[in-house]
Amino acid sequence: MKFVQIIDYKTDRFEGVNALMDQWVEKTKGRRTTSHLIMGKDRSEGSHYVDIVEFPSYEEAMRNSKLPETDRIFQEMVALCDGMPSFTDLDVVRDDQLNTAMARRFFHEIAVGGNLDAIDEIFAADYIDHDVANEEESEVGSDVIRRDLTMWREAFDFTFELDRQVAEGDDVCLLWTWSGKHKGDFQGIPATGEQCSMTGTTIFRFEGGKIKEGWWHFDVMRLMRQLGAM
């Protein structure tokens, strides 16, 4: 079970605290068990800060606290604070990553499931598309997705296997395997009945809760060879 520690403190010397965190990250390479660190500043009180530190488990957090660098950096941090920081220990009981869930929804519900009406729920109206299979370097508009999906769905019965998904900031990166049976015209190639597969990577950039930009890289050459075009 994931474990989160919240550190609440006040200081007028945040630059010093921030520098201490950089030191700790550098000196504990390969040994620390922290998986995610967020440092936040209270908008209504400029000297009030909250750090959110995530660990894979409570046990890993205890291992991290026993590192000599952790204790030393904490003592130096206390010296920069107005009083003793307070700690709240939390076992994570729900962890929703909304952008990654929306990205999965595109592949499963829209692309494979065929619910094209949901495109406008997920993609911004001024969505920017970068696709290695298209001649233009980029195209704008959520209708680009609707057009391309209609073409793929008319040409193939297909599925997506999401092999890996990584999120950082506003970006979600997905490594996928596509498998499909060629049932209709594709790029001028009549239906062959061939069962095809290819791998690819998609990066979605989110803005305002919707997908604002997408980059598509996939093995077009392998697909065309399987269709007998090469």
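Throughout what follows, the structure given in this document is the object of discussion. (Residues numbered from 1 in each chain as written. Predicted model: local features only at pLDDT ≥ 70, side-chain atom pairs only at ≥ 80, totals over all residues. Heavy atoms only, no water.)

Once that is clear, we can look at the packing of aromatic side chains. Summed over all chains, the structure comprises 25 aromatic pairs. Look at Trp152 and Phe186: their rings are 4.9 Å apart centre to centre, the planes differ by 45 degrees, and that puts the pair in the tilted class. One end of the pair, Trp152, is in helix 6 (residues 143-155); the other, Phe186, is in the loop between strand 8 (171-182) and strand 9 (195-207), and 34 residues separate them in sequence. Taking the relative accessible area as the measure of exposure, Trp152 reaches 14% and is therefore buried. The class of Phe186 is buried, set by a relative accessible area of 4%. Measuring from centroid to centroid gives 6.1 Å for Trp176 and Phe218, while their planes differ by 40 degrees, and the two rings are tilted. (Phe/Tyr/Trp six-rings, centres within 6.5 Å; stacked < 30°, edge-to-face > 60°. Helix = DSSP H or I, 4+ residues; strand = E, 2+ residues; numbered from the N terminus. Buried < 20%, exposed > 50% of the residue type's maximum accessible area, 1.4 Å probe, protein only.)

Our focus in this paragraph is the sheet that holds strand 1 (residues 3-10). The sheet built from four strands is open, its strands ordered 2-3-1-4 with antiparallel pairing. The two strands at the open ends of the sheet, each matched to only one other strand, are strand 2 (36-41) and strand 4 (86-91). Strand after strand, the sheet turns through a mean of 15 degrees between neighbouring axes, direction not considered. Taken together, the six bridges between strand 2 and strand 3 (residues 48-55) define a ladder with antiparallel strand orientation. Paired with Leu37 across the strands is Val53, a residue of strand 3. (Pairing = 2+ DSSP bridges. Axes fitted to C-alpha atoms, helices over the stretch in contact; angles between N-to-C directions.)

So, about the sheet that holds strand 8. In a beta sheet, neighbouring strands pair by backbone hydrogen bonds and run either parallel or antiparallel. One open sheet accounts for six strands, arranged 6-5-10-9-8-7; its pairing is mixed. If you trace the sheet from one side to the other, it starts and ends with strand 6 (139-140) and strand 7 (156-168), each paired once. Looking at chain direction, strand 9 and strand 10 (residues 210-218) are connected through eight bridges and run antiparallel. Within the sheet, the bridge partner assigned to Arg205 lies in strand 10 and is Glu213. Each of strand 5 (123-131), strand 7, strand 8, strand 9 and strand 10 touches helix 4 (residues 98-112); the most contacted strand, strand 7, lies at about 175 degrees to it. (Contact = heavy atoms within 4.5 Å.)

Okay, helix 4 next. The terminal C-alpha atoms of helix 4, which comprises 15 residues, lie 20 Å apart, in line with the 21 Å expected from a rise of 1.5 Å per residue. Along its length, helix 4 reaches its greatest deviation from straightness, about 30 degrees, at Arg105. Within the sequence span of helix 4, burial applies to Thr100, Met102, Ala103, Phe106, Phe107, Ile110 and Ala111. Where helix 4 ends, the next residue or the one after it, Gly114, has phi of about 85 degrees, a positive value. (Expected span 1.5 Å × (residues − 1). Bend = angle between axes of the 7 residues up to and from the residue.)

Moving on: the nonpolar core. One recurring pattern in soluble globular proteins is that nonpolar side chains are buried together. Core analysis: the largest hydrophobic core is formed by 36 residues, its most contacted members being Phe106, Trp178 and Phe204. In terms of residues, this core owes the most to one element, helix 4, which gives six residues. Discounting residues that sit within four places of it in the chain, Trp178 has contacts with Trp152, Phe156, Phe158, Thr159, Phe160, Cys196, Ser197, Met198 and Leu223. If you look at the next biggest cluster of nonpolar residues, it comprises 15 residues, including Phe3, Ile73, Met77 and Cys81. (Core = buried A, V, L, I, M, F, W, Y, C linked by side-chain atoms within 4.5 Å.)

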